Every structure is written in structure tokens, then in C-alpha cells.
Amino acid sequence: MKISCDCLARYTPLVIIAIAAAVPFLSGDLYLLNILTLMLIFIIFSSAWNLLAYSGQGSLGHAAFFGIGAYASTLIAIKSGIPPVISIFFGAAVAAFIGVLIGLTCFRLREWFLAMVTFGFAIIVQTITVSLLAPISGGWDGMASPRLVSPAIPGYQVIEYYAILLITIGSILAIHLILRSRIGLAFSAIRENETEARAAGVDPVRVRLLAFAISAYIAGVAGALEIHSIGYITPEIFGVDISFWPVTYVIFGGLGTLAGPVIGTLVLMATWEGLKLGGFTFGRYIIVGVLLILVIIFLPRGLVSLPGELRRHWSVWKEKRGALQEAEKTD
């Protein structure tokens, strides 16, 4: 699993950012703006999961950190009066702290064994939220969350959108810098061969904890952004579907690539919403499922590998055509 050097993987995020920045000027449709806002948030969330996978660790319960960041940010904003645009980073720090604790508890586990532990942890957090923490969390009924930008400000939806866009850009850039740094090399080293990484002076435990902390922090930011953009939070934020969506987006787009989570999230969410507008209910599950199967079978490295695969097939076709022409001339 490598950071792709393909042109699509390199330049697609820049193109998408440019288009995203122009959308409010091209369309005043608030529904479209809300969908794009949700896409940006899940790009952050998917990128957080992808970063953890890059270090050789799996998670099927990342909704736990998504939700912890959201609840912590909401409570901090309500109790202290700190603006949500600042509290989201404090809430994410709480998620990162919990992520480190989970990492310390499970540092001997590998890949899908760890993934199952995180899956169980998400269920436990949801249960605690609706039971022991019900007096402050509102239980299943949830509670109101301060908006990222006050509705009293004219055009607050557009301002909110651009704020989330900037945070998305910052998150992707931060992940890019991390993966290009010595930390990223350490992530790659322990993923590929832990024994050789130890021999080279890399401490696998510290590196795994760092990956968990960074991933949980970014996931916490995403969760806080979603709730502050909606204005309400319930324990459904810890749902199984929330944990599985980033896995799906990343594998569909390209596991271990910077552009993979971006492309996978945009394509699948656009397809999902388009089918919804087209009147599909249960049918959209089938269509999306078929798309996933096709990509996994024919593009195991995700959509980011599509241009390379097309070039390869084109080269093979040209070679065969040239050989056929030479054979005809000989005859």
C-alpha cells in the first residue's frame, strides 16, 4: 500500500478543492450546499481512517472517536461558552486521548483483531452515552448543539461551508505532510515488517499509539463539524453505519492514497444522493453494492488506479494491433 504517484492521485484533490470553492458562486441551492458540506466532513473522517490503516492498523469502530469528538465539543461549547469553531479542536483532543487509551489497551493486537475491539468499543460508548451519561447527553433524545456559525449572521450557511472547506483542506494537507515525513516512514515500516522496523530503531508501540492519536483526533474534528453544522446530536452518531462508511469510501477510492478517501467519498455519496433523488429506495443499496463489487474485482487499488489501468489496457491493445498488422504484412 503506497501513496500513489499517479496524476489522478496527485492533482485530483486540487481540482476538487477549486470546484468546491466555486460552488456557492455557481449555485444558491441550499440543499446542494448541505450535501457538499456533509461530503467534506466525511472526506475528513475517511482520511482519518485511511491514516490509521496506513500504519497497519484496522478499525471497525471509528464512529466512537467521531461521536466522542462531537459530544465533547458540544458539551465544552455549552458549558464554557467557547465558540464551536474553537471547541471542535478541544473535542477532538478528547477523542485523541481516548484513542491513545484504546491503543495502550490493544497494542499487542493486529489488524482485524484490533478492528473487532474498536467495533465493540463503539457499541460500549453508545451504551454508556444513553445510560450512565443520559443526564448530560440527553440519552436517546439527544440535545441541541451550537451551530458552527450563528444563524443570526446573514448567509451563515455559506460561511459555515467555507469554514468546513478550509478545515478539510488543512486536514488533507496535514495528513500529506505526515505521510511524507519520518513519521509516515515509520508508519510504513511497521506495517510492512515490524521486525525490520525494530532493527532500524523504530518503536512499534509508540508509532502505533501516535497513529491512533492522530487518526482519532482528525475523526473527532469531523464528528464535531458534522454536529455543529446540523445543530443537534444523538447517540445514533455511534451507529455501525457511521463506522463502516469511511472503510467503504477508502477502499472504493484507493486504500493508502491521499486522493483515495476524497474520490471514494465524493463518488459514492454523489451516487447515493443521486439515486435518492431519482426515487430509488432499497434499489440504491443494490446499485452501490454492485459498484463496490466491480471496483474490488477489477480495480483492487481503487478508483485512483483507473487511469493507469486504462493506459495499460490501451498499450496492450496497441501492441496486439501492431503484431497483427505485422503478421498481415508478412502473409
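Residues numbered from 1 in each chain as written. Predicted model: local features only at pLDDT ≥ 70, side-chain atom pairs only at ≥ 80, totals over all residues. Heavy atoms only, no water.

K.L.:
Could you give an account of the overall build of the chain, with specific residues and numbers?
P.N.:
A count of helical and extended segments in the chain gives 14 helices and two strands. For 331 residues, the compact-globule estimate of 2.2 N^0.38 gives 20 Å, and the chain sits close to it at 22 Å. When the backbone C-alpha atoms are referred to their principal axes, the chain occupies close to 85 × 55 × 35 Å. In the chain, which comprises 331 residues, the proportion classed as buried is 49%. (Helix = DSSP H or I, 4+ residues; strand = E, 2+ residues; numbered from the N terminus. Rg over C-alpha atoms; globule rule 2.2 N^0.38 Å. Buried < 20%, exposed > 50% of the residue type's maximum accessible area, 1.4 Å probe, protein only.)

K.L.:
So, the pattern of salt bridges: which residues are in play, and what are the values?
P.N.:
The tally for this structure, following the rule as stated, stands at six salt bridges. The salt bridge partner of Arg 147 is Glu 160, with a shortest N-O separation of 2.8 Å. Taken together, the residues Arg 147 in the loop between strand 1 (143-144) and helix 7 (156-180) and Glu 160 in helix 7 connect sequence positions 13 residues apart. With a relative accessible area of 24%, Arg 147 lands in the partly exposed category. Residue classification places Glu 160 among the buried residues on the basis of a relative accessible area of 5%. A salt bridge links Glu 192 to Arg 191; the nearest nitrogen and oxygen atoms lie 2.7 Å apart. (Salt bridge = Lys/Arg side-chain N within 4 Å of Asp/Glu carboxyl O.)

K.L.:
Can you break down a nonpolar patch on the surface residue by residue, with the values?
P.N.:
Judged by side-chain polarity, Ile 286, Val 290, Ile 293, Leu 294, Ile 297 and Phe 298 come together as a nonpolar surface patch covering roughly 620 Å² of accessible area. The topology assignment puts Ile 293 in helix 13 (residues 283-298). (Patch = residues over 30% accessible without salt bridge, like charges linked within 9 Å, V, L, I, M, F, W, Y side chains within 5 Å. Areas by Shrake-Rupley, 256 points an atom, 1.4 Å probe, with all protein chains shown as cover.)

K.L.:
Pulling in residues and values, what's your account of the packing of aromatic side chains?
P.N.:
Under the counting rule described, the total for this entry stands at 13 aromatic pairs. On the basis of an interplanar angle of 65° and a centroid distance of 6.0 Å, the ring pair of Phe 42 and Phe 45 is categorised as edge-to-face. Of this pair, Phe 42 and Phe 45 both sit in helix 2 (residues 30-54), three residues apart, which is roughly one turn of the helix. For Phe 42, a relative accessible area of 6% translates into the label buried. The class of Phe 45 is buried, set by a relative accessible area of 0%. Here the aromatic rings of Tyr 161 and Tyr 162 are separated by 5.6 Å at their centres, their planes lie at 65°, and the arrangement is edge-to-face. Its relative accessible area of 1% is what places Tyr 161 among the buried residues. Through successive ring pairs, a cluster of aromatic residues spans Phe 42, Phe 45, Phe 66, Trp 245, Tyr 249, Trp 272 and Tyr 285. The aromatic ring of Tyr 54 is capped on one face by Arg 191, whose charged end is 4.7 Å from the ring centroid. (Phe/Tyr/Trp six-rings, centres within 6.5 Å; stacked < 30°, edge-to-face > 60°. Lys NZ or Arg CZ within 6 Å of the ring centre and 35° of its normal.)

K.L.:
Which residues make up the confidence of the model for the chain, and what values do they have?
P.N.:
Here the chain averages 89 in pLDDT, and 95% of its residues register 70 or above. In this model residues 1-5 is a low-confidence stretch, pLDDT under 50, and it forms 17 contacts with partners more than four residues away in sequence or in other chains. (pLDDT = per-residue confidence, 0-100. Contact = heavy atoms within 4.5 Å.)

K.L.:
Tell me about helix 4 (residues 84-105), and please be specific about residues and values.
P.N.:
Spanning 22 residues, helix 4 covers 31 Å between terminal C-alpha atoms, matching the ideal 32 Å at 1.5 Å per step. All of the buried residues in helix 4 are Pro 84, Ser 87, Ile 88, Gly 91, Ala 92, Ala 95, Ala 96, Gly 99, Ile 102 and Gly 103. (Expected span 1.5 Å × (residues − 1).)

K.L.:
Break down the packing of helix 7 against helix 8 (residues 182-192) for me, citing the residues and quoting the values.
P.N.:
Direction vectors running N to C along helix 7 and helix 8 enclose 70°, while the axes themselves pass 4 Å from each other. Regarding the angle of helix 7 to helix 8, the classification is roughly perpendicular. Along its contact with helix 7, which presents Ile 178, Leu 179 and Arg 180, the element helix 8 presents Arg 182, Ile 183, Gly 184, Leu 185 and Phe 187. A class-by-class count of the residues in the contact of helix 7 with helix 8 yields five nonpolar, one polar and two charged. (Axes fitted to C-alpha atoms, helices over the stretch in contact; angles between N-to-C directions. Parallel < 35°, antiparallel > 145°, perpendicular 65-115°, else oblique. Nonpolar A, V, L, I, M, F, W, Y, C, P; charged D, E, K, R; others polar.)

K.L.:
Account for the layout of surface pockets, with residues named and values stated.
P.N.:
In this structure, the largest pocket occupies an estimated 780 Å³ of space. Lining the largest pocket we find 32 residues, and of these Leu 38, Phe 42, Glu 226, Ile 230 and Ile 242 sit closest to its centre. Those elements that place two or more of their residues in the lining of the largest pocket are helix 2, helix 7, helix 10 (204-230), strand 2 (232-233), helix 11 (240-253), helix 12 (260-277) and helix 13. Of the residues forming the lining of the largest pocket, the biggest block, eight residues, is contributed by helix 2. Of the residues that constitute the lining of the largest pocket, the class distribution is 19 nonpolar, five polar and eight charged. (1 Å grid on protein atoms, 1.4 Å probe; cavity = no way out; pocket = protein on both sides within 12 Å on 5 of 7 lines; lining within 4 Å. Points joined across faces, edges and corners; volume = space filled by probe spheres on them.)

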